[in-house]
Amino acid sequence: MIDVIDLRKSFGTNDVLRGINITINKGDIVCVIGPSGCGKSTFLRCLNCMEDPTGGSIIFGGVDIADMKVDINVHRRKMGMVFQQFNLFNNKTVIENIMLSPVYCAMEDRRKAQRKNTLNKIKNLFAKEKAEMLPLRPKAEIKTEARDRAMALLRRIGLEDKADVYPSTLSGGQKQRIAIVRALAMNPDVILFDEPTSALDPEMVGEVLDLMKALADEGMTMVIVTHEMGFAREVANRVIFIDEGKILEEAAPAEFFGNPKNPRLKEFLSKVL
Amino acid sequence: MGNFDKKIAKFIEIFIDQNGYVKVLEGLQNTLLIAILGLIIGTVIGTLIATVRVVPKYKTLPKVLNAICSVYVGFFRGTPMTVQLLLFYYVLLPLMGVRISGVNVSILVFSLNSGAYISEIMRGGIQSVDGGQMEAGRAVGLSFGVTMMKIVIPQAVKNIMPTMGNEFIALIKETSVVSFVGAADLYVAFNYIGSNSYEFMVPYLVMAIIYIALVMLITLGIKLMERRLAKSDRRN
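Reading the values: rules and limits
Residues numbered from 1 in each chain as written. Chains lettered and ligands numbered in written order. Predicted model: local features only at pLDDT ≥ 70, side-chain atom pairs only at ≥ 80, totals over all residues. Heavy atoms only, no water. Helix = DSSP H or I, 4+ residues; strand = E, 2+ residues; numbered from the N terminus. Buried < 20%, exposed > 50% of the residue type's maximum accessible area, 1.4 Å probe, protein only. Contact = heavy atoms within 4.5 Å. Areas by Shrake-Rupley, 256 points an atom, 1.4 Å probe, with all protein chains shown as cover. Lys, Arg positive; Asp, Glu negative; His and termini not counted. Charge placed at Lys NZ, Arg CZ, Asp CG, Glu CD. Buried area = accessible area lost by both parts, 1.4 Å probe. Salt bridge = Lys/Arg side-chain N within 4 Å of Asp/Glu carboxyl O. Polar contact = N/O pair within 3.5 Å; in protein donor to acceptor, adjacent residues only side chain to side chain. Patch = residues over 30% accessible without salt bridge, like charges linked within 9 Å, V, L, I, M, F, W, Y side chains within 5 Å. Axes fitted to C-alpha atoms, helices over the stretch in contact; angles between N-to-C directions. Parallel < 35°, antiparallel > 145°, perpendicular 65-115°, else oblique. Left-handed = near helix turned anticlockwise from the far one by under 90°. Nonpolar A, V, L, I, M, F, W, Y, C, P; charged D, E, K, R; others polar. Core = buried A, V, L, I, M, F, W, Y, C linked by side-chain atoms within 4.5 Å. Expected span 1.5 Å × (residues − 1). Pairing = 2+ DSSP bridges.

Sorry if this is basic, but what is going on with the overall build of chain B here?
Of the regular secondary structure elements, chain B holds 9 helices and 0 strands. Element order for chain B, N to C, with α for helix and β for strand: α-α-α-α-α-α-α-α-α. With the C-alpha coordinates aligned to their principal axes, the bounding extent of chain B is approximately 75 × 55 × 25 Å. Burial statistics for chain B: of 236 residues in total, 43% are counted as buried. Considering only intrachain contacts with a sequence separation of at least 6, the fraction spanning at least 24 residues in chain B is 74%. Roughly 12,300 Å² of accessible area belongs to chain B as shown, and the carbon and sulfur atoms make up 66% of that amount. For chain B, the separation between the mean place of its 21 positive charges and that of its 13 negative charges on side chains is 11 Å.

Take a look at the structure:
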């Protein structure tokens, strides 16, 4: 699903990623671990071009999205992202947070169809073969559908009573679960998690990890940068170790934690486990 | 102070009997028109410029736009309002063959001038919004412009309300220079009353009171608006 080929990223003279190659298949749950400053967050942020790669390519859905000419916004809609700091939109209520992008995208598609119809109307005046008009969904229907879906997602995480409050009133765990649901509302093919539990109080880590586990069980493709070794061991089907901008080890969790080969990984695991 | 009563009587005579109040109302209307339109158009200009200035700059177009905006802001912040008014009224517009009234020139100059100041205020406001908000917007597939408009600027506006109030107050007060280009504002009206009675003490005092009243009204209005905008950070 995602093919990363020789991905490189430098900030000025600082080479953070020095050639990363990995293939992420549908249904994969890849955990990325490594010491701080090793480039694991940068790697994740390059996957949806939140940081523009300096070199290499990222093939997603058959398109190289590292190419600056590609309309990245379209591809990002199929690539959810969850941040360490939640980043819920502070000026929107919870349900608006979830609905914003689905409604906007549907409206944009509608505008495009409308434009095409107008064009076809003009063409039909002259052409013999009449072009068919594209169906336009009513605006109200788009909104109701997005609202229903958002409510269903909120019900799933048991926060439907929080639909109309602003994020400032929520706990960290609630915010992060809503951020995950916001990503889900776009029906993404893959979700990227950037240390989703690192900014949480310890008693809230569980609820977020449980939700992620549930998504994993449903077959969602996920790439997770995390410090939760227990979670990585239990949920991931592949774990990768990044240090100094390269993937030094890539293995199934049992092998990765039970029988690490790379000396740096051995040293790292001995510190954190 | 013995003849203060007489001065007031004279002021009232001209103000009411000789239609002085018509002039004052006209002046008040122009003052408010110039300041309010200046603020509104200035806010639009300022927001656009601020957006240009925070766009990531690795392409040519943003770089060029950014350079144009810096020149613009540099000019309007670097010269006094009076000079700008004179320059537009007597130099720029005649050179372009445009003839418009003093009030319209004032509205134009006040808009451009406040646009320059508001762009910097707005830029500060935009930068005060956590960068994660922009990232989150981009991550759900919205473009830079849409995220800016729907997420970042609404939050920035909330942060800059007090400063914007300052800007509006400054604009109201600065309208007192538009008589340089023949626009009839409050100052012109009270000057007229004063000249007709050879008595300036009371007219200018009343003028000051009107300015203070205006500013107090604005302060109140801003307070109400801030309270409305604060609804998203109230815990309930």
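Okay, back to it.
Can you walk me through the overall build of chain A in this structure?
Scanning chain A from N- to C-terminus turns up 9 helices and 10 strands. Summarising its shape, the C-alpha atoms of chain A cover approximately 75 × 45 × 35 Å along the three principal directions. In chain A, buried positions account for 54% of the 273 residues. The contacts in chain A between residues at least 6 apart in sequence include a share of 67% that link residues at least 24 apart. Per element, the accessible surface of chain A, about 12,700 Å² overall, is 50% carbon and sulfur. With 39 positive and 37 negative side-chain charges, chain A shows a separation of 7 Å between the mean positions of the two kinds.

Help me out: how do you make sense of unusual backbone geometry in this one?
Backbone geometry follows two general trends: most residues other than glycine have a negative phi, and most peptide bonds adopt the trans configuration. The phi dihedral of Glu244 of chain A falls on the positive side, at around 50°, and the residue is not glycine. Within the element layout of this structure, Glu244 of chain A appears in the loop between β9 (238-243) and β10 (246-251). A positive phi angle, near 55°, is found at Tyr198 of chain B, a position not held by glycine. Topologically, Tyr198 of chain B is positioned in the loop between α8 (186-197) and α9 (201-229).

What exactly am I supposed to notice about the interface of chain A and chain B here?
Accessible area lost when the parts come together is the quantity often used to give the size of an interface. In this complex, chain A contributes 25 residues to the contact, which on the side of chain B involves 24 residues. Of the roughly 2,200 Å² buried where chain A meets chain B, counting both sides, 56% is carbon and sulfur surface. Of all residues in chain A, Phe89, Asn91 and Tyr104 of chain A bury the most surface against chain B, accounting for 22% of the area lost on that side. Where chain A meets chain B, there are 1 salt bridge. The salt bridge involving Arg45 of chain A is made with Glu135 of chain B; its shortest N-O contact spans 2.7 Å. If you look at where chain A meets chain B, you find 9 residue pairs in polar contact (both at pLDDT 80 or more). For the side of chain A that touches chain B, the elements supplying multiple residues, two or more each, are α2 (72-76), β6 (79-82) and α3 (94-126) of chain A.

What should I look at first to understand a nonpolar patch on the surface in this one?
All names here are of chain B. A grouping of Tyr90, Val91, Leu92, Leu95, Met96, Val98, Ile100 and Leu108 is seen on the molecular surface, where their side chains present a nonpolar patch of about 720 Å² in accessible area. The leading source of residues in the nonpolar patch is helix α4 (residues 81-95), at 4 residues. Position of Val91 among the secondary structure elements: in helix α4.

Explain the packing of helix α5 (residues 172-184) of chain A against helix α6 (residues 202-217) of chain A here, please?
Helix-helix packing: each pair is described by the crossing angle between the helix axes and the interaxial distance. All names here are of chain A. The contact between α5 and α6 brings their axes to 8 Å, and the two run at 20°. With respect to each other, α5 and α6 are oriented roughly parallel. Regarding α5 and α6, the two cross each other, and that crossing is right-handed. Within the contact between the two elements, α5 uses Gly172, Gly173, Gln174, Gln176, Arg177, Ile180 and Leu184 and α6 uses Met204, Glu207, Val208, Leu211, Met212 and Leu215. The class makeup of the residues in the contact of α5 with α6 is 7 nonpolar, 4 polar and 2 charged.

Can you help me understand the nonpolar core in this one?
A general feature of soluble globular proteins is that nonpolar side chains tend to end up buried together. Judged by nonpolar contacts, the single largest core of 57 residues is most densely connected at Ile98, Ile178 and Phe193 of chain A. Ignoring any residue separated from it by four or fewer positions in sequence, one finds Ile98 of chain A in contact with Ala150, Leu153, Leu154, Ile178, Val181, Arg182 and Ala185 of chain A.

Sorry, what's going on with α5 of chain A here?
Helical geometry: 3.6 residues make up each α-helical turn, so side chains three or four residues apart lie on a common side. With 13 residues, α5 of chain A ought to run about 18 Å at 1.5 Å a step, and its terminal C-alpha atoms sit 18 Å apart, in line with that. Judged by how many residues are buried, α5 of chain A sits mostly within the fold: 12 of 13 residues are covered. Listed as buried for α5 of chain A are Gly172, Gly173, Gln174, Gln176, Arg177, Ile178, Ala179, Ile180, Val181, Arg182, Ala183 and Leu184 of chain A. Against the buried residues of α5 of chain A lie β6, α3, α4 (139-156), β7 (190-194) and α6 of chain A together with α6 (131-139) of chain B.

So what exactly am I meant to see when it comes to the sheet that holds strand β5 (residues 63-64) of chain A here?
Sheet strands pair by backbone hydrogen bonding; their relative direction is either parallel or antiparallel. Residues and elements named next belong to chain A. Strand order in this open sheet of 4 strands is β2-β1-β4-β5, and the pairing throughout is antiparallel. Only two strands of the sheet have a single neighbouring strand rather than two, namely β2 (14-24) and β5. Sheet topology note: the strand β1 (residues 2-11)/β2 ladder contains 8 bridges and is antiparallel. The residue of β2 that forms the bridge with Ile2 is Ile24. Where helix α1 (residues 40-47) meets the sheet, it contacts β1, β2 and β4 (55-60), and its direction lies at approximately 120° from that of β1.

Where do I start with the side chain of Lys40 of chain A in this structure?
Residues and elements named next belong to chain A. Looking at where Lys40 falls in the secondary structure, it is placed in helix α1. Engagement of the side chain of Lys40 in a polar contact is seen with the backbone oxygen of Gly34, the distance being 3.2 Å. Not counting the four nearest positions on each side in its chain, Lys40 is found in contact with Val32, Ile33, Gly34, Pro35, Glu195, Val225, His227 and Ile242.

Any chance you could explain the environment of Met225 of chain B here in plain terms?
Residues and elements named next belong to chain B. With respect to the helices and strands, the residue Met225 is situated in helix α9. Classification of Met225 as partly exposed rests on a relative accessible area of 46%. Each C-alpha atom, one on Met225 and one on Met161, is 8.3 Å from the other, the two residues being 64 residues apart in sequence.

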